[in-house]
Amino acid sequence: MLSLLKCLGNTTFRLLYPVSCALSSPPISLIYLCVCREELVVYPAFERHIPSTGHDMAEKDRSEHRIVKEKLYDFQSMSPSDSNFLPTIDSLWQVLSQHIREEERDDLPALEEHVDAGTSDSLARSFDRTKHFVPTRSHPSAPDRPPYETAAGMLATPMDKLMDMFRKFPEA
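This structure is a prediction, so every number in the text was calculated from the model and none was measured.

Asks: How do you make sense of the side chain of Asp61 when you look at a structure like this?
Replies: Its place among the elements puts Asp61 in helix H3 (residues 54-76). It turns out Asp61 is buried and unbridged, and the closest side chain with the opposite charge, Lys60, is 4.5 Å from it. Ignoring sequence-local partners within four residues, the contact set of Asp61 consists of Tyr43, Phe46, His99, Glu103 and Asp107.

Printed below as a string of structure tokens:
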């Protein structure tokens, strides 16, 4: 197993516990962080390195991400006392868990078959670096392809992080 698959597998593993709990904003930012990082690094790699099916794989995954982003957008403004909280998180989890299973079973192994160890290491490093400049909240209407996604993310990230700080600010 090469570097990128390990990196993404570790990210997915770290997502499973907080998403299943899903009682605060950290799970939202972790999910969204992974979604953006995949769109910036992994999906362009599918298109670049898997000649026959890479484009279709990336489009399918982007489509699934749009659904996840919409569900995250609805969920991120809810509190656990909202009547739609549990149905929303259940719906989100159904879509997300299916997406994760397919990605780990089909997409990532296909990518690893088409890249050498050096390329996999480079993709893993890029994936890791992107966490510093992607938004922490869902913006479903934002572009989902580089370079526009990168620009939109860089504009949204400081505002998201500032808003996250105020969400954690102690109440008097």
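Here the narrative resumes, following the displayed structure.
Asks: Please clarify how the packing of H3 against helix H4 (residues 85-114) should be interpreted in this entry.
Replies: Geometrically, a packed helix pair is captured by the angle between its two axes and the distance between the axes. Direction vectors running N to C along H3 and H4 enclose 160°, while the axes themselves pass 10 Å from each other. Between H3 and H4, the interaxial angle falls into the category roughly antiparallel. As H3 runs across H4, the sense of the crossing is left-handed. Residues Met57, Lys60, Asp61, Glu64, His65, Ile67, Val68, Lys71, Leu72 and Phe75 of H3 lie in contact with H4, whose contacting residues are Phe85, Thr88, Ile89, Ser91, Leu92, Val95, Leu96, His99, Glu102, Glu103, Asp107 and Ala110. Residues of the contact of H3 with H4, tallied by class, amount to 11 nonpolar, four polar and seven charged.

Asks: In this structure, what is going on with the pattern of salt bridges? I would like to understand it.
Replies: Pairing between side chains becomes possible if they bear opposite charge and their charged atoms approach one another. On inspection of all chains with the given rule, the structure shows seven salt bridges. The residue Lys69 makes a salt bridge to Glu39 at a minimum N-O spacing of 2.9 Å. Of this pair, Lys69 sits in helix H3 while Glu39 sits in helix H2 (residues 25-49), and the two are 30 residues apart along the sequence. Accessibility expressed as a relative area gives 0% for Glu39, which makes it buried. Between Arg62 and Glu59 there is a salt bridge, with the nearest N and O atoms lying 3.2 Å from each other. Here Arg62 and its partner Glu59 are both found in helix H3, three residues apart, which amounts to about one turn of the helix. With relative accessibility at 2%, the residue Arg62 sits in the buried group. What makes Glu59 partly exposed here is its relative accessible area of 23%.

Asks: Quick question: what am I supposed to make of H4 here?
Replies: Helical periodicity: at 3.6 residues per turn, an α-helix aligns residues three or four positions apart in one direction. In a regular helix each residue adds 1.5 Å, so 30 residues correspond to 44 Å; H4 covers 41 Å between its end C-alpha atoms and thus fits that length. The largest bend along H4 measures about 45° and falls at Glu103.

Asks: Hey, could you run me through the environment of Ile50 in this one?
Replies: Inspection of the secondary structure assignment puts Ile50 in the loop between H2 and H3. Judged by its relative accessible area of 2%, Ile50 falls in the buried class. Residues contacting Ile50, with those up to four places away along its chain left out, are Ala45, Met57, Ala110, Leu111 and His114.

Analysis parameters
Residues numbered from 1 in each chain as written. Predicted model: local features only at pLDDT ≥ 70, side-chain atom pairs only at ≥ 80, totals over all residues. Heavy atoms only, no water. Helix = DSSP H or I, 4+ residues; strand = E, 2+ residues; numbered from the N terminus. Buried < 20%, exposed > 50% of the residue type's maximum accessible area, 1.4 Å probe, protein only. Lys, Arg positive; Asp, Glu negative; His and termini not counted. Salt bridge = Lys/Arg side-chain N within 4 Å of Asp/Glu carboxyl O. Contact = heavy atoms within 4.5 Å. Axes fitted to C-alpha atoms, helices over the stretch in contact; angles between N-to-C directions. Parallel < 35°, antiparallel > 145°, perpendicular 65-115°, else oblique. Left-handed = near helix turned anticlockwise from the far one by under 90°. Nonpolar A, V, L, I, M, F, W, Y, C, P; charged D, E, K, R; others polar. Expected span 1.5 Å × (residues − 1). Bend = angle between axes of the 7 residues up to and from the residue.

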